[in-house]
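Fold and contact review
Now for the letters of each chain:
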Amino acid sequence: MRLSGKRIVAFVDEEFEDLELWYPVHRVREEGAEVHLVGLERGKTYIGKYGVPATSDYTYAEIDTTQYDGVLVPGGWAPDKIRRYADALRIVKEMDAAGKPVGQICHAGWVLISAKILNGRTVTSTPGIRDDMENAGATWLDEEVVVDGNLVSARRPPDLPAYGKAFCDKLAEK
């Protein structure tokens, strides 16, 4: 239970990639962390790409990042919606500025691009947004997981075991 006492924000919106939300959420919970699902509306049940539901605990606006230790951003089509919410971007920017772990997988890189935290960073993502990541100033690698300081990134669901471990390891350092 090396993550006991840690609190994590996990973003959620319609058409999140089911495994990319739930695998890391369960992984950090297994190590003792508390996870709050955060969306545009409190108490709303969002449906993943493959039909798995997730009900938000809080809204983006309600999150005080000083009370949390990291953030997880799932992929799927949800990141294209999440990146439009100023408070979601604020959370990512504040977590990054504080050196707290920021986890992103697959299309979640879109949220980090909109938060403008990728310039000079090394990351991975689904190859489909490689150009977007590079145009935001990042160096893109085709690897299952890339850790650059507090930023932990992965490509897609087959990379979830390495991603979950790397994110937990990063949380345990703090």
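Residues numbered from 1 in each chain as written. Predicted model: local features only at pLDDT ≥ 70, side-chain atom pairs only at ≥ 80, totals over all residues. Heavy atoms only, no water.

**Notes on the sheet that holds strand E1 (residues 7–11)**
What links the strands of a sheet is backbone hydrogen bonding, and the strands pair in either a parallel or an antiparallel sense. For the record, the criterion: A pair of strands counts as paired when DSSP detects no fewer than two bridges linking them. Every helix listed is a DSSP run of H or I at least four residues long, and every strand listed is a run of E at least two residues long, numbered separately from the N terminus.
In space, the seven strands of this open sheet follow the order E5-E2-E1-E6-E7-E11-E10, with mixed pairing throughout. Bordering the open sheet on either side are strand E5 (58–59) and strand E10 (145–148), each of which pairs with just one other strand.

**A look at the environment of Gly-5**
Let me state the cut-off plainly: Between buried and exposed lies partly exposed: a residue is buried under 20% and exposed over 50% of the maximum accessible area for its type, with that area taken using a 1.4 Å probe on protein chains only. Whether two residues are in contact is decided by their heavy atoms, any of which lying within 4.5 Å being enough.
By secondary structure assignment, the location of Gly-5 is in the segment before E1. According to the relative accessible area criterion, Gly-5 is exposed, its value standing at 68%. Separated by 99 residues in sequence, Gly-5 and Gln-104 place their C-alpha atoms 22 Å apart. With sequence-adjacent residues up to four places away left out, Gly-5 is seen in contact with Gly-32 and Asp-69.

**Some details on unusual backbone geometry**
The bulk of non-glycine residues show a negative phi, and the bulk of peptide bonds are trans. Unlike most non-glycine residues, Cys-106 shows phi in positive territory, near 65 degrees. One can find Cys-106 in the loop between strand E7 (102–105) and helix H4 (109–114). Look at Lys-116: it is not a glycine, yet its phi comes out positive at around 60 degrees. Along the chain, the position of Lys-116 falls in the loop between H4 and strand E8 (122–123). The class for Lys-116 is exposed, based on a relative accessible area of 71%.

**Here's the deal with the packing of helix H1 (residues 18–30) against helix H6 (residues 160–173)**
As a reminder of what qualifies: Working convention: axes come from line fits to C-alpha atoms, limited for helices to the stretch in contact. Angles between N-to-C directions cover 0 to 180 degrees. If an angle is under 35 degrees, it is roughly parallel; if it is over 145, roughly antiparallel; if it lies from 65 to 115, roughly perpendicular; otherwise it is oblique. By definition, turning the near helix anticlockwise from the far helix through less than a right angle yields a left-handed crossing, and turning it clockwise yields a right-handed one. Amino acids outside the nonpolar list (Ala, Val, Leu, Ile, Met, Phe, Trp, Tyr, Cys, Pro) and the charged list (Asp, Glu, Lys, Arg) are all regarded as polar, and Gly is one of them.
The N-to-C vectors of H1 and H6 enclose an angle of 45 degrees; their axes lie 10 Å apart at closest approach. Between H1 and H6, the interaxial angle falls into the category oblique. Between H1 and H6 lies a crossing whose hand is right-handed. Between H1 and H6, the contacting residues are Leu-19, Glu-20, Tyr-23, Pro-24, Arg-27 and Val-28 on the first element and Leu-160, Pro-161, Tyr-163, Gly-164, Lys-165, Phe-167, Cys-168 and Leu-171 on the second. Class assignment for the residues of the contact of H1 with H6 results in ten nonpolar, one polar and three charged.

These values are about where atoms sit, not about what they do.
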